[in-house]
Every structure is written in C-alpha cells, then in structure tokens.
Amino acid sequence: MPNEQKRFVTGPAGRLETVVTLPEEAPRGLAIVAHPHPLYSGSMDNKVVYILSRAFIEQQYITVKFNFRGVGASEGSYAEGKGEIEDVVAVTQAMREQYDSGPEPLPLTLAGFSFGGAVQAHVAQQLKPSRLVLVAPSVERLQAPPVVDHAQHILVIQGDQDTIVPLQSVLDWAAPQMLPVTVIPGAEHFFHGKLHVLKNIILQSCSISQAATSLYP
C-alpha cells in the first residue's frame, strides 16, 4: 500500500493540516487537491476529494490533500478565497521542498472540487501547473480567471443536474476559452452514484496526458 503520512506545514495564517500519500515507485508527479467551501462543511474528508486523491495515487503521484485555514486542525479562519489561494501556494511550496529534490521538478497537478476547483483556477495563474483538474468548479462565485494559457493539460468535469454550480455557469466560463467541458449525465453536485464514472474520467485523462507528454515533451 502507498505510504500515507499526516503532517502540518506552515501557512500564511498558521499551520495547515495535510495528508500526503507517497507512491511505492518513483513518482510521476505531484498532485495538490483542494476541498469544497469551508463554510459549508467542506474539508479534505469530502468524498469527491477522496476520489480525486485516489485517482492520482493510482497513477503514482505524490498526492496531497489538506484542510484550508480554519478547517479541521488547520489554523486561521476563512478568508473569502484570497487567503485560500495563498494556502494552496504554501502547501505546494512545502511539498516541493520536502519531496521534490531531483534535478528536474516533478510535473505539478492542481485539482479541486467546487470552491476548491475555483481556487485552483486562481492558483494556476501563479504556479503554471502541468495539469489542472477542476470538478464542478464554482467559477462564477469566485470569479475564476481564464486558465487555458496557464496549464498544459486541463480537465473540467461537470454534472448536468448540478443545482449548486449550474452547468451553464461553467459553460459560460469555458466557452470564451474554447475549453472543453466533460459532462456526466444525471450527476448532481456531489456526484451521488456517479463517483466511479468521475474517477474513470480522471484516470483516462491522466493516461492520455502522460502519453501526449511522452510523445511531445
């Protein structure tokens, strides 16, 4: 089984609680997974966050999920998205310092669900990840910026029955960027009964992007 470790990293508002899973083999990359809205019971224990994490673990990524400031054992308090962007950057930097000491930096994947997805769209402007995986991202509420010029591979997944983050809001954000959106029919915001579909889409996307990278480095 992969090696799972609980640890704290220093964030801008205090300690941030993380769970790091290390692959048994040489890592293919580093994945940072962000959770839903802190004020609506969002945490790294969310089941969609779990599915995202499992997909990256199975692909031999160093996989990190964490609690935003004010959630679980993380210090600080909710900061309306701006502080949470800083949290992701702090976690990513700490993980790179701890686990990414090779001559070439590991490819970075930023992933997030709902609020966490929109936060990752903002973070992508700074960190320029290799991959960006956004699941039902609340792009309208957090005024997410365009991402097409800030990541090599982008996957956006949305349910067509989502009443919390309506499909149309994601399409309106994606359309000016000519950014495809993968729609899961019958899926609502939390993907009840569709989590296996969600995981398979992410795994297939990982395989395709890795093959493309090997062909066109």
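Our subject is the structure listed above.
Fair warning: this is a prediction, and the values are worked out from it, not measured in the lab.

### Details of helix H2 (residues 82–99)
Over its 18 residues, H2 runs 26 Å from end to end, which matches the ideal 26 Å to within 8%, given 1.5 Å per residue. Among all positions of H2, only Gly83, Glu84, Ile85, Asp87, Val88, Val89, Ala90, Val91, Thr92, Ala94, Met95 and Tyr99 are buried. Buried residues belonging to H2 abut strand E1 (3–11), strand E2 (14–22), strand E3 (29–34), strand E4 (61–66), strand E5 (108–113) and helix H3 (115–127).

### Digging into unusual backbone geometry
Despite not being glycine, Gln60 has its phi angle at roughly 70°, a positive value. Tracing the backbone shows Gln60 in the loop between helix H1 (47–58) and E4. One non-glycine residue, Glu80, lies in the positive phi region at around 60°. Secondary-structure assignment places Glu80 in the loop between E4 and H2. Given the relative accessible area of 65%, Glu80 is considered exposed.

### Details of the side chain of Asp100
Secondary-structure assignment places Asp100 in the loop between H2 and E5. The buried charged residue Asp100 lacks any salt bridge, with Arg96 as its nearest oppositely charged partner at 4.4 Å. Within the structure, the side chain of Asp100 is placed 2.9 Å from the backbone nitrogen of Leu106, a separation counted as a polar contact. Ignoring anything within four residues of it in the chain, the contact list for Asp100 reads Met95, Pro105 and Leu106.

### Remarks on the packing of aromatic side chains
Within this structure, the stated rule accounts for six aromatic pairs. Judged by centre distance (5.8 Å) and plane angle (55°), the rings of Phe56 and Tyr61 are tilted. Taking 5.1 Å as the distance between ring centres and 80° as the angle between the ring planes, the aromatic pair formed by Phe66 and Phe68 counts as edge-to-face. Assigned by exposure class, Phe66 and Phe68 land together as buried.

### With respect to the sheet that holds strand E6 (residues 131–135)
Spatial strand order, E1-E2-E4-E3-E5-E6-E7-E8: eight strands in an open sheet with mixed pairing. Every other strand in the sheet has two partners, leaving E1 and strand E8 (182–184) as the edge strands with one partner each. Sheet twist, expressed as the mean angle between neighbouring strand axes with direction ignored, is 20°. Strand direction decides the pairing type here: E3 and E5, joined by five bridges, are parallel. Within E5, the residue paired with Leu30 across the bridge is Leu108. Packed onto the sheet, H2 meets E1, E2, E3, E4 and E5 and runs at close to 125° relative to E1. In the packing of H3 onto the sheet, the strands contacted are E3, E5 and E6, and the crossing angle to E5 comes to about 155°.

### Quick look at the packing of H2 against H3
Running from N to C, H2 and H3 point in directions that differ by 65°, and their axes come no closer than 9 Å. Helix-helix and strand crossings are classified by hand; for H2 and H3 the assignment is right-handed. Contacts between H2 and H3 involve Glu84, Ile85, Val88, Val89 and Thr92 from the first element and Phe115, Val119, Gln120, His122, Val123, Gln126 and Leu127 from the second. Looking at side-chain class alone, the contact of H2 with H3 contains seven nonpolar, four polar and one charged residues.

What counts as what
Residues numbered from 1 in each chain as written. Predicted model: local features only at pLDDT ≥ 70, side-chain atom pairs only at ≥ 80, totals over all residues. Heavy atoms only, no water. Helix = DSSP H or I, 4+ residues; strand = E, 2+ residues; numbered from the N terminus. Expected span 1.5 Å × (residues − 1). Buried < 20%, exposed > 50% of the residue type's maximum accessible area, 1.4 Å probe, protein only. Contact = heavy atoms within 4.5 Å. Lys, Arg positive; Asp, Glu negative; His and termini not counted. Salt bridge = Lys/Arg side-chain N within 4 Å of Asp/Glu carboxyl O. Polar contact = N/O pair within 3.5 Å; in protein donor to acceptor, adjacent residues only side chain to side chain. Phe/Tyr/Trp six-rings, centres within 6.5 Å; stacked < 30°, edge-to-face > 60°. Pairing = 2+ DSSP bridges. Axes fitted to C-alpha atoms, helices over the stretch in contact; angles between N-to-C directions. Left-handed = near helix turned anticlockwise from the far one by under 90°. Nonpolar A, V, L, I, M, F, W, Y, C, P; charged D, E, K, R; others polar.

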